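Below are the chains, spelled out letter by letter.
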Amino acid sequence: MDPLLTGEQAVLGAVLLDPHQLDRLDWLEPRDFYRPAHQALFTALRTLRATGHPALTAQGEVPLAWVTDSLAEAGKHVRGLTAPYLHALIAACPRPANAPVYGRMVLEGSIHRTVAEHAARLLAVTEEGTRQHEVEGTVAQVDVLAGVLADLGRRWGTQPRPQAPIAPATPDNPAPATDQAEDERFLLALLVHQDRAMEELFGWLRPGDFADPAHGQLYRCLGALHHRGEPIDPVTALWEVQRRGLLADGTVTEEHLAAMLGNGAAGSAEWLGEQLLRGSLNRTAAVAARQIAAHADDSRLAPGQLIGQALHALGPVDQVRERWRTANSPPEPQPLPHADQAARVSAALARSPAQAANRTRPRPAAAPIPRTVTDPIIRTRPHRSPS
């Protein structure tokens, strides 16, 4: 027995038995039903109410025309509905007064399906973005999913806010592709062998952006050297790896070190770092999509919990996206040096009409500066009389 199917049958049977129950189900929509026949029937019932069907004002028992007209209206949009099936719906409803409770069951199932569908779409978009090396589609689909979660939260009557799961979902994540690992090794070599290359991406690239965890740990070592203001070269990088015990515990292998400390590499570290950040954004969104899909498949989660945990899964995506914006934002204009500013001001004043008039107007002769007694120019010895 399918509980969701039973709930849909019960709410429809309640409305067929008592048309006034529709007034208590205004928050339920036809798209919330899983079966297309149920969607068409619920739409037909709402249409009859909107047109003022006589059953809504009838006293006593509900006229049979309410059932037959509902069947006729729904038959315009879907096939397979019969009168016996409508009677089966009526029989599936224990108490028509419980229609809002049955409707909440239908809405709960709809929320789980909607979240699962949008998680699947996000996963498909991230896979396409990884193949095309672009993130615009991923960013747009993340915004769509966040908007859907906010709308579902309002419909359920809860405040949509991130909520960490008690038992985090750990879906299987695919291993990094060969080209991704090669790009990461090449970037590490650039950072070791090019002076000041770390400054170009230290502010927005993180160890977690590397698909290979070992490469992320090596980048952490280089970042530590840069943070302490120490030079980065093959000797200092090897020493930092040794200090952190990455060779002893097997996190880093000799192959990883050979690729990073080998011959010098030529290229743009900033450009390659942006490519890695693209992959990190798609990869993080794919992980979030798998986690959300796992939550949506868990029927034990109430809609409020499902929405909160889905928003929590999108948190790391927002963090990577913010760093992506930082990496692609144009640099802030630097203020001109004081000397240049003074020169520009002087040139602007020289070109102004007032200054030009002052230059052509003859200047008056300077008046002589009067001298005072106390301002001697030549000191003389006092005159002494002969003794």
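Residues numbered from 1 in each chain as written. Predicted model: local features only at pLDDT ≥ 70, side-chain atom pairs only at ≥ 80, totals over all residues. Heavy atoms only, no water.

*Asks:* How would you sum up the overall build of the protein? Please name residues and give values.
*Replies:* When its secondary structure is counted, the protein shows 14 helices and 0 strands. When its helices and strands are written in sequence order, the protein yields α-α-α-α-α-α-α-α-α-α-α-α-α-α. Out of the 387 residues in the protein, the part that is buried amounts to 38%. When the accessible surface of the protein is totalled, it reaches about 22800 Å², and 55% of it is carbon and sulfur. (Helix = DSSP H or I, 4+ residues; strand = E, 2+ residues; numbered from the N terminus. Buried < 20%, exposed > 50% of the residue type's maximum accessible area, 1.4 Å probe, protein only. Areas by Shrake-Rupley, 256 points an atom, 1.4 Å probe, with all protein chains shown as cover.)

*Asks:* Can you explain the side chain of R278? Please cite residues and give values.
*Replies:* Considering the arrangement of structural elements, one finds R278 in helix α11 (residues 269–296). Within the buried core, R278 has no salt-bridge partner, and the shortest N-O distance to an opposite charge, that of E136, equals 4.7 Å. In this structure the side chain of R278 is engaged in a polar contact, spanning 3.1 Å, whose partner is the backbone oxygen of H133. Not counting chain neighbours up to four residues away, the residues in contact with R278 comprise H133, E134, V135 and W324. (Lys, Arg positive; Asp, Glu negative; His and termini not counted. Salt bridge = Lys/Arg side-chain N within 4 Å of Asp/Glu carboxyl O. Polar contact = N/O pair within 3.5 Å; in protein donor to acceptor, adjacent residues only side chain to side chain. Contact = heavy atoms within 4.5 Å.)

*Asks:* Outline helix α5 (residues 99–132), listing residues and values.
*Replies:* An ideal rise of 1.5 Å per residue puts 50 Å on 34 residues; α5 measures up with 49 Å between its terminal C-alpha atoms. Two residues or fewer past α5, H133 is found with a positive phi of approximately 60°. (Expected span 1.5 Å × (residues − 1).)

*Asks:* I'd like a description of the pattern of salt bridges, backed by residues and values.
*Replies:* Two side chains carrying opposite charge are able to pair once their charged atoms lie near each other. Summed over all chains, the structure comprises 18 salt bridges. In this structure, R196 and E199 form a salt bridge, with 3.1 Å as the shortest nitrogen-oxygen distance. With a relative accessible area of 42%, E199 lands in the partly exposed category. Put simply, R228, E230, E240, R243 and R244 are held in one network by salt bridges that share partners.

*Asks:* Tell me about the packing of helix α6 (residues 136–156) against α11, residues and numbers included.
*Replies:* Look at α6 against α11: their axes get within 10 Å of each other, and the N-to-C directions meet at 30°. Classified by the interaxial angle, the pair formed by α6 and α11 is roughly parallel. As for how α6 packs across α11, the hand of that crossing is left-handed. Contacts from T138, V139, V142 and L145 of α6 reach α11 at L281, N282, A285 and I292. Looking at the contact of α6 with α11 residue by residue, the classes come out as 6 nonpolar, 2 polar and no charged. (Axes fitted to C-alpha atoms, helices over the stretch in contact; angles between N-to-C directions. Parallel < 35°, antiparallel > 145°, perpendicular 65-115°, else oblique. Left-handed = near helix turned anticlockwise from the far one by under 90°. Nonpolar A, V, L, I, M, F, W, Y, C, P; charged D, E, K, R; others polar.)

*Asks:* Tell me about the side chain of T138, and please be specific about residues and values.
*Replies:* If you trace the backbone, T138 turns up in helix α6. If we ignore the near neighbours within four places in the chain, the residues touching T138 are L122, V125, T126, L281, N282 and A285.

*Asks:* Let's hear about the nonpolar core: which residues, and what values?
*Replies:* L187, L191, L201 and L222 are the most contacted members of the largest nonpolar core, which has 87 residues in total. In this structure, L222 is in contact with L188, L191, V192, M198, I232, A237 and M260, ignoring residues within four places of it in sequence. (Core = buried A, V, L, I, M, F, W, Y, C linked by side-chain atoms within 4.5 Å.)

*Asks:* Quick rundown of unusual backbone geometry? Include the residues and the values.
*Replies:* Residue H133 is not a glycine yet carries a positive backbone phi of 60°. As for its position among the elements, H133 is in the loop between α5 and α6. The backbone of R196 shows a phi angle near 65°, a positive value even though the residue is not glycine. When you line up the elements, R196 lands in the loop between α7 (178–193) and α8 (213–227).

*Asks:* Quick one: what's the story with α6, residue by residue and with numbers?
*Replies:* Its 21 residues place the ends of α6 31 Å apart at the C-alpha level, agreeing with the 30 Å of an ideal helix rising 1.5 Å per residue. Within α6, the full set of buried residues consists of T138, V139, Q141, V142, L145, V148, L149, L152, G153, R155 and W156.

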